[in-house]
Amino acid sequence: MSVDSRFAVAPQARLAVDIGGTFTDVAVERDGERWTGKVLTTPHAPELGVLNGVKLVMEKAGLTPADIALVIHGTTLATNAIIERKGARTALLTTAGFRDVLALGNESRYDQYDLNIDLPQPLIPRRWRLTVPERLDNEGHILLALDEAAVRAQVEVMRAEGIESLAIGFLHAFVNPAHEKRAAAIVQDLWPDLPISISSEVSPEMREWERFSTTAANAYVQPLMASYLRRLETGLKEGGFGCPLFMMLSGGGLTTLETAARFPIRLVESGPAGGAIFSAHVAKQRGWSKVLSFDMGGTTAKVCLIDDFAPQASRTFEVARVGRFKKGSGLPLRIPVIEMVEIGAGGGSIAHLDALGRIQVGPESAGADPGPACYGRGGDKPAVTDANLALGRYEPDLFAGGALKLHVQPALDALDVHVGRGLGLAPEMAGLGVVEMVDENMANAARVHAIESGKGYDGRGIIAFGGGGPVHGYRVAEKIGVDRVLVPSGAGVGSAIGFLRAPVGYEVVKSLYQRFRTFDVNAVNALLAEMSAEASRVVAEGAFGAPTEEHRIAFMRYVGQGHEINVALPSRPLTVQDVAAIRAAYDAEYTRFYDRPVPGSDVEILSFAVTVATVADAVEPVAPVADAPAPAPIRVQQVRDTATGEVAAWQVYDRAAMPVGATVPGPCIVAEDETSTLVGSGWRCRVDGLGYLELVRGEAF
């Protein structure tokens, strides 16, 4: 198979950029070498932070734009726009009688006993939810033809209301998209510049609320994201970059700029997805088949279970939750995502006392501007970074490699005013309470995630990264009963490095109702072939001739149940003989979740998913290395231990000076430019053959 020269030229480098709420991370790799950097995010114009970070790292690496073969980008801008309600003025065109689907939802309550429950408000207010006569039945047959005159009339209403983007969602359009496509064509003819999202392309699955909500969210962020991506593309070209720009998808693959601009809702978890890909790659290098990915950045912390070197996947996601950490309290998105738990527990998360005098941390964040109080940029509320500084965990003059000087007194003042005085505690002890609370929040999120996944932590290790992951990793491990923590090289910019490991891939999900007792092999094969062709077309735009592989999944449940379990299918046309084997696989997977199957009950399939992706490079596990002497510490810091509350002298080591095979005992700190790894009492830290830091508790290496 021929390979496009842009993909095949080995000496050329690849560059990855991850925009977070506080920092923008950049990583460049060439010929096995890597250069990384962090700069503050520029919320008013995110592309400026990206271009600043790219310039910084390119100078560090001694590279020119001509050396870069590919730029890969991930961002949470779409998520932030939804949370902050800063998207476009969006209208929904829907079937007559169904304008209130977005408000009614599925009529469930995330808290059954809260009489004053707050429910998430739809992104589109009722006055902009417009209807037209049309109707399809559940098999896609036309019961009432689309009223084209009504569509044209609603265009005039949208113009009068100043609408900036349109979502189209008709009943049963996931089976037959004809009416949606015709309505979109009419609107486009009358209003060529209006961005349009149709549900049969954005989320072609049953369940109207989820489908309409996802389409509305896509339309809501499309003008913002398309404008940002074009500005970034222009900025890179003006900087001399002529290479392609790829975007990280929430499901763990890469796609072209054009596809991302068309379906920006698929980017909502692109940054965290890069972190999960990073963890999976590191786990494969070390041969750790069961790990917890722990990514703590400036705004949030993300945990993800990885088994057999692959992150858990899902096709549902909630954004902008009204009830903190409460499933069902957010806006549902029906998109392929890497399944993880994300909580407001980052370095910039703000601490305060609630009405009962308890320490609460997040989800509000100080962000990059003004940032935590210790940044000296005008922030006066205590963040997790302030608490860590008050405990002596950071060297003020060397934070972020010395690029950002921290100020101790403003941090202590903020902790005193907002936490300490209310509890009668000194600022340092208030900082201890804040750190312990954030560590417990993250540990609890990890426990719940494992329980909901039907898994545990026996034999599992933690891969800690992000600016805060290595700082808090050992304590979170203690709380959930894990004895191994791995901090890879480049941990401070792990998500950006994960982008460099991600395949070019795309997933297509569509609904086709089937029961095993009446399974229509021909209909299923026709649908899967169509989905495979669609995914392959998208991937071909960015694969540059690289070999690809395909995976197929069916989402099924016992008849009458409310939720599905995914079961892998052969990546070939199905035969009648396959049906019994697929049913047996479902029973086995159901038993893993719920301990036993349900004999005699038929199984129904609601949806199918097909993923096409470039083949991942082979990974050779690291070989054991001989012991080596540890270097001398570079300094000593007075650190308050969060487990005991006692202050002690912790030795600080320079990670760059630690040779392979060197071991240092805790308590100590291993410092580097983008983060610091804390090694608690009772832990030991050893440098493995890859230069990764392996922390082990209570046993020899």
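Residues numbered from 1 in each chain as written. Predicted model: local features only at pLDDT ≥ 70, side-chain atom pairs only at ≥ 80, totals over all residues. Heavy atoms only, no water.

**Some points on the overall build of the chain**
The number of helices and strands found in the chain is 17 helices and 35 strands. Taking 701 residues into account, the globule formula puts the C-alpha radius of gyration at 27 Å, and the chain, at 26 Å, falls close to it. Here the C-alpha coordinates of the chain stretch approximately 80 × 60 × 55 Å along the principal axes. The proportion of buried residues among the 701 residues of the chain is 56%. (Helix = DSSP H or I, 4+ residues; strand = E, 2+ residues; numbered from the N terminus. Rg over C-alpha atoms; globule rule 2.2 N^0.38 Å. Buried < 20%, exposed > 50% of the residue type's maximum accessible area, 1.4 Å probe, protein only.)

**What to know about the pattern of salt bridges**
Evaluation of the coordinates by the stated rule reveals 42 salt bridges. Note that Glu-233 and Lys-237 form a salt bridge whose closest N and O atoms lie 3.9 Å from each other. Note that Glu-233 and Lys-237 are positioned in helix α8 (residues 208-238) at a spacing of 4 residues, about one turn of the helix. As a salt-bridge pair, Lys-479 and Glu-440 come within 3.2 Å of each other at their nearest N and O atoms. (Salt bridge = Lys/Arg side-chain N within 4 Å of Asp/Glu carboxyl O.)

**Some thoughts on the pairing of strand β21 (residues 349-353)**
Consecutive side chains of a regular strand alternate in pointing toward one face of the sheet and then the other. Two elements, β21 and strand β22 (residues 359-365), share 4 bridges in a ladder whose sense is antiparallel. When the bridges of β22 are listed, Ala-351 appears paired with Val-361. Here β21 hands over to β22 after 5 residues, with Gly-357 in that stretch at a positive phi of 80°. (Pairing = 2+ DSSP bridges.)

**Side note on the packing of helix α13 (residues 427-452) against helix α14 (residues 469-480)**
Where α13 contacts α14, the axes come no closer than 9 Å and their chain directions differ by 55°. Comparing their axes, α14 and α13 come out oblique. In this structure, α13 meets α14 at a crossing whose hand is right-handed. Residues Val-435, Glu-436, Val-438, Asp-439, Glu-440, Met-442, Ala-443, Ala-446 and Arg-447 of α13 touch α14, and the partners they reach there are His-472, Arg-475, Val-476, Lys-479 and Ile-480. (Axes fitted to C-alpha atoms, helices over the stretch in contact; angles between N-to-C directions. Parallel < 35°, antiparallel > 145°, perpendicular 65-115°, else oblique. Left-handed = near helix turned anticlockwise from the far one by under 90°. Contact = heavy atoms within 4.5 Å.)

**A short note on the packing of helix α10 (residues 270-286) against helix α15 (residues 494-501)**
Where α10 contacts α15, the axes come no closer than 7 Å and their chain directions differ by 75°. When the axis of α10 is compared with that of α15, the two are roughly perpendicular. Seen from α10, the contacting residues are Ser-270, Gly-271, Gly-274, Gly-275, Ile-277, Phe-278 and His-281; seen from α15, they are Gly-494, Ser-495, Ile-497, Gly-498, Phe-499 and Arg-501. Among the residues forming the contact of α10 with α15, the class breakdown is 4 nonpolar, 8 polar and 1 charged. (Nonpolar A, V, L, I, M, F, W, Y, C, P; charged D, E, K, R; others polar.)

**As for the sheet that holds strand β1 (residues 13-19)**
Across the sheet, which stays open at both edges, the 6 strands sit in the order β3-β2-β1-β4-β11-β12 with mixed pairing between neighbours. The outermost strands of the open sheet, each flanked by one partner alone, are β3 (33-40) and β12 (254-256). Between one strand axis and the next, the sheet turns through 25° on average, direction left out of account. Packing of helix α2 (residues 46-61) onto the sheet brings it into contact with β1, β2 (23-30), β3 and β4 (68-75), and relative to β3 it is tilted by some 145°. Contacts from α10 reach β1, β4 and β11 (245-248), with the element oriented near 85° to β11.

**Examining the side chain of Gln-637**
Looking at where Gln-637 falls in the secondary structure, it is placed in strand β29 (residues 635-640). You can call Gln-637 buried: its relative accessible area is 6%. In terms of polar contacts, Gln-637 uses its side chain to reach the side chain of Arg-635, at 3.0 Å. Once you skip the residues sitting within four places of it in the chain, Gln-637 turns out to touch Gly-392, Arg-393, Tyr-394, Glu-395, Ala-648, Ala-649, Trp-650, Val-652 and Ile-669. (Polar contact = N/O pair within 3.5 Å; in protein donor to acceptor, adjacent residues only side chain to side chain.)

**Structural notes on the packing of aromatic side chains**
As enumerated under the stated definition, the model contains 8 aromatic pairs in all. Seen from their ring centres, Tyr-558 and Tyr-590 are 4.7 Å apart, and the 75° between their planes marks the pair as edge-to-face. Taken together, the positions of Tyr-558 in strand β26 (residues 548-558) and Tyr-590 in helix α17 (residues 576-594) put the pair 32 residues apart, joining distant regions of the chain. Residue class for Tyr-558 comes out buried when judged on its relative accessible area of 1%. Tyr-590 gets classed as buried once you look at its relative accessible area, which sits at 9%. One aromatic cluster is present, built from ring pairs that chain together Tyr-558, Tyr-586, Tyr-590, Phe-593 and Tyr-594. One residue, Arg-484, lies across the ring of Trp-288, its end atom 4.0 Å from the ring centre. (Phe/Tyr/Trp six-rings, centres within 6.5 Å; stacked < 30°, edge-to-face > 60°. Lys NZ or Arg CZ within 6 Å of the ring centre and 35° of its normal.)

**Thoughts on the sheet that holds strand β30 (residues 647-654)**
Neighbouring strands of a sheet are bound in pairs by backbone hydrogen bonds; such pairs are parallel or else antiparallel. In spatial order, the strands read β29-β30-β32-β33; together these 4 strands make up an open sheet with mixed pairing. In this open sheet, the two edge strands, each paired with only one partner strand, are β29 and β33 (676-679). Neighbouring strand axes in the sheet, compared pairwise and without regard to direction, differ in orientation by 30° on average. Here strand β32 (residues 668-671) pairs with β33 via 4 bridges, running antiparallel. In the strand pairing of β33, Cys-668 is matched with Val-679. Contacts between α14 and the sheet are confined to β30 and β33, with β33 contributing the most and set at about 20° to the helix.

**Comments concerning unusual backbone geometry**
Pro-667 follows Gly-666 through a cis peptide bond whose omega is 5°. In this fold, Pro-667 is placed in the loop between β31 (663-665) and β32. The backbone phi angle of His-172 is positive, close to 65°, even though this residue is not glycine. You can see His-172 is positioned in the loop between β9 (165-169) and α6 (178-190). Classification of His-172 as buried rests on a relative accessible area of 17%. Phi angles above zero are rare outside glycine, and Arg-207 is one such case at about 90°.

**Considerations on the confidence of the model for the chain**
For the chain, the mean per-residue pLDDT works out to 88, and 96% of the residues sit at or above 70. Across residues 1-11, where pLDDT falls below 50, the model places 18 contacts with residues more than four positions away in sequence or in other chains. (pLDDT = per-residue confidence, 0-100.)

**Here we look at the pairing of strand β14 (residues 301-307)**
Across the 7 residues of β14, 7 count as buried, placing the element largely inside the fold. Between strand β13 (residues 290-296) and β14, which pair antiparallel one after the other, the connecting turn spans 4 residues. Sheet analysis places β14 next to strand β20 (residues 341-343), joined by 3 bridges and oriented antiparallel. Within the sheet, the bridge partner assigned to Val-303 lies in β20 and is Val-341. For β14 and strand β15 (residues 310-311), the ladder comprises 2 bridges, and the chain directions are antiparallel. Directly across from Ile-306, in β15, lies its bridge partner Pro-311. Counted between consecutive antiparallel strands, the loop separating β14 from β15 contains 2 residues, among which Asp-308 sits at a positive phi close to 55°.

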